[in-house]
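# Survey of secondary and tertiary structure
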Amino acid sequence: MNLQSDDFELFGLAAQFAQDRAAIDARWKDLQREAHPDKFAAQGASAQRVAMQWSVRINEAYQRLKDPLKRAAYLCELHGAAVNAESNTAMPPEFLMQQMDWREALDDVQSLSDLDELGRQVTQAMRNELLKCEQLLDQHQDYPQAVQQVRALMFIERFERDVHARLDQMDLPEQGQ
């Protein structure tokens, strides 16, 4: 193993979007066992510091690999197509219209069933965008276009969190009744 290896090499995985989450989890546990600083206690402080660096590196890789959105962004960046979500928020007009419609719908929600329906729409949109992302990354190797999908997924993920927060707000009064 090499600290400079990319996350896929570190975990012994093919550098592709489609991954088996259980395999990622199992490999993370194996790597953590191998690099645990306590295993190196008899070798002194220097060996423990190196083990700690490995442990941190393994955890960082795990966080990227286990999350489909982070994994997609990472793959794009590995292939020279940086997401730059902070500075590049340009999106197609139809996507922006969908976002505005969802925001208005969230503002207008009156019942849990309306909110559940909106949540289902958002979840389905997320699934559809993830499938497009997988095709762009694994089948077409179209990283610049995949970047656009990743940015769309970031918008959808953020909105999904807003829907869940609203759901939590709506659930609170009903729990006390």
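Notes on the structure in this doc start here. (Residues numbered from 1 in each chain as written. Predicted model: local features only at pLDDT ≥ 70, side-chain atom pairs only at ≥ 80, totals over all residues. Heavy atoms only, no water.)

### Digging into the packing of helix 3 (residues 45-66) against helix 4 (residues 68-78)
Contact pair helix 3 / helix 4: the axes reach a minimum separation of 5 Å and the direction vectors enclose 105°. With respect to their mutual orientation, helix 3 and helix 4 come out roughly perpendicular. Contacts between helix 3 and helix 4 involve Gln-63, Arg-64, Leu-65 and Lys-66 from the former and Pro-68, Lys-70, Arg-71 and Tyr-74 from the latter. Tallied by class, residues from the contact of helix 3 with helix 4 come to 3 nonpolar, 1 polar and 4 charged. (Axes fitted to C-alpha atoms, helices over the stretch in contact; angles between N-to-C directions. Helix = DSSP H or I, 4+ residues; strand = E, 2+ residues; numbered from the N terminus. Parallel < 35°, antiparallel > 145°, perpendicular 65-115°, else oblique. Contact = heavy atoms within 4.5 Å. Nonpolar A, V, L, I, M, F, W, Y, C, P; charged D, E, K, R; others polar.)

### Some points on the packing of aromatic side chains
All told, the structure shown has 4 aromatic pairs when counted by the stated rule. When the centroid spacing of 5.8 Å and the interplanar angle of 80° are considered together, the rings of Phe-95 and Phe-155 count as edge-to-face. With Phe-95 in helix 5 (residues 93-108) and Phe-155 in helix 7 (residues 143-175), this pair connects stretches of sequence that are 60 residues apart. Note that Arg-64 overlies the ring of Tyr-74, its terminal NZ or CZ placed 5.0 Å from the centroid. In this structure, Arg-71 is placed above the aromatic ring of Phe-17, and the distance from its NZ or CZ to the ring centre is 5.1 Å. (Phe/Tyr/Trp six-rings, centres within 6.5 Å; stacked < 30°, edge-to-face > 60°. Lys NZ or Arg CZ within 6 Å of the ring centre and 35° of its normal.)

### Considerations on the nonpolar core
For soluble globular proteins, nonpolar side chains are generally found buried alongside one another. Among the nonpolar cores identified, the biggest contains 45 residues, and Phe-11, Leu-118, Leu-137 and Val-150 are the most heavily contacted of them. Only helix 1 (7-11), helix 2 (21-35), helix 3, helix 4, helix 5, helix 6 (112-139) and helix 7 provide two or more residues apiece to this core. What Leu-137 contacts, discounting residues up to four positions off in sequence, is Phe-17, Ala-72, Leu-75, Cys-76, Tyr-143 and Ala-146. (Core = buried A, V, L, I, M, F, W, Y, C linked by side-chain atoms within 4.5 Å. Buried < 20%, exposed > 50% of the residue type's maximum accessible area, 1.4 Å probe, protein only.)

### Considering a negative patch on the surface
A contiguous patch of negative charge on the surface is contributed by Asp-101, Glu-104, Asp-107 and Asp-108. Examined against the element boundaries, Asp-107 turns out to sit in helix 5. (Patch = residues over 30% accessible without salt bridge, like charges linked within 9 Å, V, L, I, M, F, W, Y side chains within 5 Å. Areas by Shrake-Rupley, 256 points an atom, 1.4 Å probe, with all protein chains shown as cover. Salt bridge = Lys/Arg side-chain N within 4 Å of Asp/Glu carboxyl O. Lys, Arg positive; Asp, Glu negative; His and termini not counted. Charge placed at Lys NZ, Arg CZ, Asp CG, Glu CD.)

### A look at the packing of helix 4 against helix 6
Between helix 4 and helix 6, the least distance of the axes is 11 Å, while the angle of their chain directions is 25°. The orientation of helix 4 relative to helix 6 falls into the category roughly parallel. Between helix 4 and helix 6 lies a crossing whose hand is left-handed. Mapping the contact onto sequence places Pro-68, Ala-72, Leu-75 and Cys-76 in helix 4 and Leu-130, Cys-133 and Leu-137 in helix 6. (Left-handed = near helix turned anticlockwise from the far one by under 90°.)

### Overview of helix 2
Over its 15 residues, helix 2 extends 21 Å from the first C-alpha to the last, a length consistent with the 21 Å expected when each residue adds 1.5 Å. All buried positions along helix 2 are accounted for by Ile-24, Leu-31, Gln-32 and Ala-35. Projected onto a plane normal to the axis of helix 2, the buried residues spread over an arc of 100° and lie on a single side. Exposed side of helix 2, more than 90 degrees from the buried face: Ala-22 and Arg-33 are the residues found there. Residues of helix 2 that are buried in the fold lie against helix 1, helix 3 and helix 4. You can read the cap of helix 2 off the contacts: a side-chain oxygen lies 3.1 Å from the backbone nitrogen of Ala-22, and it is on Asp-20. (Expected span 1.5 Å × (residues − 1). Arc of directions from axis to C-beta. Polar contact = N/O pair within 3.5 Å; in protein donor to acceptor, adjacent residues only side chain to side chain.)

### So, the environment of Glu-86
One can find Glu-86 in the loop between helix 4 and helix 5. With a relative accessible area of 74%, Glu-86 lands in the exposed category. For the pair Glu-86 and Tyr-62, spaced 24 residues apart in sequence, the C-alpha to C-alpha distance is 23 Å.

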